[in-house]
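# An overview of the molecular structure
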Amino acid sequence: QKEVEQDPGPLSVPEGAIVSLNCTYSNSAFQYFMWYRQYSRKGPELLMYTYSSGNKEDGRFTAQVDKSSKYISLFIRDSQPSDSATYLCAMSSILTGGGNKLTFGTGTQLKVEL
Amino acid sequence: DAGITQSPRYKITETGRQVTLMCHQTWSHSYMFWYRQDLGHGLRLIYYSAAADITDKGEVPDGYVVSRSKTENFPLTLESATRSQTSVYFCASSRSGPYNEQFFGPGTRLTVL
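Everything in this summary refers to the structure shown in the same document. Bear in mind the structure is a predicted one, so any value in this text is a computation, not a measurement.

Okay, the overall build of chain A next. From N to C terminus, chain A includes zero helices and 11 strands. Start at the N end of chain A and walk to the C end: the helices and strands fall as β-β-β-β-β-β-β-β-β-β-β. For chain A, the C-alpha radius of gyration of 14 Å lies close to 13 Å, the compact-globule estimate for 114 residues. For the C-alpha atoms alone, the extent of chain A along its principal axes is close to 45 × 30 × 25 Å. Buried residues in chain A amount to 44% of all 114 residues. Taking the intrachain contacts of chain A between residues at least 6 apart in sequence as the baseline, contacts between residues at least 24 apart amount to 54%. Taking the average location of the 11 positive side-chain charges in chain A and that of its 11 negative ones, the two points are 6 Å from each other.

This is how it looks when you write it as structure tokens:
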């Protein structure tokens, strides 16, 4: 069983729709929870990160973490064609020496249609 | 330009050949990472480095060698390339600390024939 599970999609929605992306995880040692966005043939870019259970909002994006259920979500409101990308959840654990090791989900491919 | 760069961006090689992928960052980040990205597996950590001359294995290190003689460079070498190493390789860097964002390079698309 993978430490992080994510539905690969693809997910196709009309412009303006609310999008819900989800990941589950099994490792209780994960401390930070991130969402990366990756456009085609580009490197991933950090979209949002959270530490505690609850919601964190940034513009049209809301990240939600439920540590008791080991479940994280990303909601995109009023989705736009420019949101079409692959969304990767990532969980961090502490490395010896103080850095962070990231464990990624497989990514969900999202297409927002006009 | 400031940031993190990778070279080459595309590489085709043959089975058994040695290949080196380069990564360079201008932020003086202490941590650097190499990932490979494959369909169905997402990004998987190959090796990471906490500082110059300090490296450690990640999830999938077999068949790869790394070195870090300077803080800004972190080359990844495939000593004898195999078809299973066909993938997209991403380098990343971050500062040390409880949480710091990992910044990713643009990737190298490697095909092993």
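Before going further, it helps to examine the side chain of Asp-38 of chain B. All names here are of chain B. With respect to the helices, strands and loops of the structure, Asp-38 is situated in strand β4 (residues 31-38). Polar side-chain contacts of Asp-38 include one of 3.0 Å to the side chain of Arg-44. A distance of 2.8 Å separates the side chain of Asp-38 from the side chain of Ser-87, its partner in a polar contact.

Turning our attention to the interface of chain A and chain B. Counting residues at the interface gives 24 residues for chain A and 24 residues for chain B. Interface area, chain A with chain B, both sides summed: about 1,900 Å², of which 53% is carbon and sulfur. Ranking the residues of chain A by area buried against chain B places Arg-41, Asn-100 and Phe-104 of chain A at the top, with a combined share of 26%. The interface formed by chain A and chain B holds zero salt bridges in total. Counting the contacts that link chain A with chain B gives five residue pairs in polar contact (both at pLDDT 80 or more).

Moving on to the layout of surface pockets. Of the volumes computed, that of the largest pocket is approximately 680 Å³. Lining the largest pocket are 30 residues, with Gln-38, Thr-86 and Gln-109 of chain A together with Gln-37 and Leu-39 of chain B positioned closest to its centre. Those elements that place two or more of their residues in the lining of the largest pocket are β9 (85-94) and β11 (108-113) of chain A together with β4, β9 (87-94) and β11 (108-112) of chain B. A total of three residues in the lining of the largest pocket trace back to one element, the largest contributor, which is β11 of chain A. Considered class by class, the residues forming the lining of the largest pocket number 10 nonpolar, 15 polar and five charged. Of the pockets and cavities examined, the second largest pocket occupies roughly 270 Å³. Glu-3, Thr-103 and Phe-104 of chain A together with Arg-44 and Glu-59 of chain B are, among the 15 residues lining the second largest pocket, the residues nearest its centre. With four residues, the single largest contributor to the lining of the second largest pocket is strand β10 (residues 100-104) of chain A. Residues that form the lining of the second largest pocket fall into these classes: six nonpolar, four polar and five charged.

Turning our attention to the sheet that holds strand β1 (residues 4-7) of chain B. Residues and elements named next belong to chain B. Strands sit in the order β1-β3-β8-β7 across an open sheet of four strands; the sheet is antiparallel. Across the chains shown, the open sheet's two edge strands, defined by having one partner strand only, are β1 and β7 (64-66). With strand direction ignored, the average angle separating the axes of adjacent strands in the sheet is 20 degrees. Of the strand pairs in this sheet, strand β3 (residues 19-25) and strand β8 (residues 76-78) are connected by three bridges, and their pairing is antiparallel. Bridged to Val-19 within β8 is Leu-78.

All right, on to the state of the cysteines then. Two cysteines, two sulfur atoms, one covalent bond between them: this is a disulfide. In this structure the tally under the stated criterion is two disulfides over all chains. Across the disulfide from Cys-23 of chain A sits Cys-89 of chain A; the S-S distance is 2.0 Å. Torsion about the S-S bond of the Cys-23 of chain A and Cys-89 of chain A cystine: about -100 degrees, corresponding to left-handed handedness. Of this pair, Cys-23 of chain A sits in strand β3 (residues 19-25) while Cys-89 of chain A sits in strand β9; the two residues are 66 residues apart in sequence, bridging distant segments of the chain. Between the sulfur of Cys-23 of chain B and that of Cys-91 of chain B lies a disulfide, 1.8 Å long from S to S. Between Cys-23 of chain B and Cys-91 of chain B, the S-S dihedral sits near -75 degrees, and the bridge is therefore left-handed. A residue pair is termed long-range when its members are at least 10 positions apart, and Cys-23 of chain B in strand β3 and Cys-91 of chain B in strand β9 qualify at 68 residues. What makes Cys-23 of chain B buried here is its relative accessible area of 2%.

So, how was this worked out
Residues numbered from 1 in each chain as written. Chains lettered and ligands numbered in written order. Predicted model: local features only at pLDDT ≥ 70, side-chain atom pairs only at ≥ 80, totals over all residues. Heavy atoms only, no water. Helix = DSSP H or I, 4+ residues; strand = E, 2+ residues; numbered from the N terminus. Rg over C-alpha atoms; globule rule 2.2 N^0.38 Å. Buried < 20%, exposed > 50% of the residue type's maximum accessible area, 1.4 Å probe, protein only. Contact = heavy atoms within 4.5 Å. Lys, Arg positive; Asp, Glu negative; His and termini not counted. Charge placed at Lys NZ, Arg CZ, Asp CG, Glu CD. Polar contact = N/O pair within 3.5 Å; in protein donor to acceptor, adjacent residues only side chain to side chain. Buried area = accessible area lost by both parts, 1.4 Å probe. Salt bridge = Lys/Arg side-chain N within 4 Å of Asp/Glu carboxyl O. 1 Å grid on protein atoms, 1.4 Å probe; cavity = no way out; pocket = protein on both sides within 12 Å on 5 of 7 lines; lining within 4 Å. Points joined across faces, edges and corners; volume = space filled by probe spheres on them. Nonpolar A, V, L, I, M, F, W, Y, C, P; charged D, E, K, R; others polar. Pairing = 2+ DSSP bridges. Axes fitted to C-alpha atoms, helices over the stretch in contact; angles between N-to-C directions. Disulfide = S-S within 2.5 Å.

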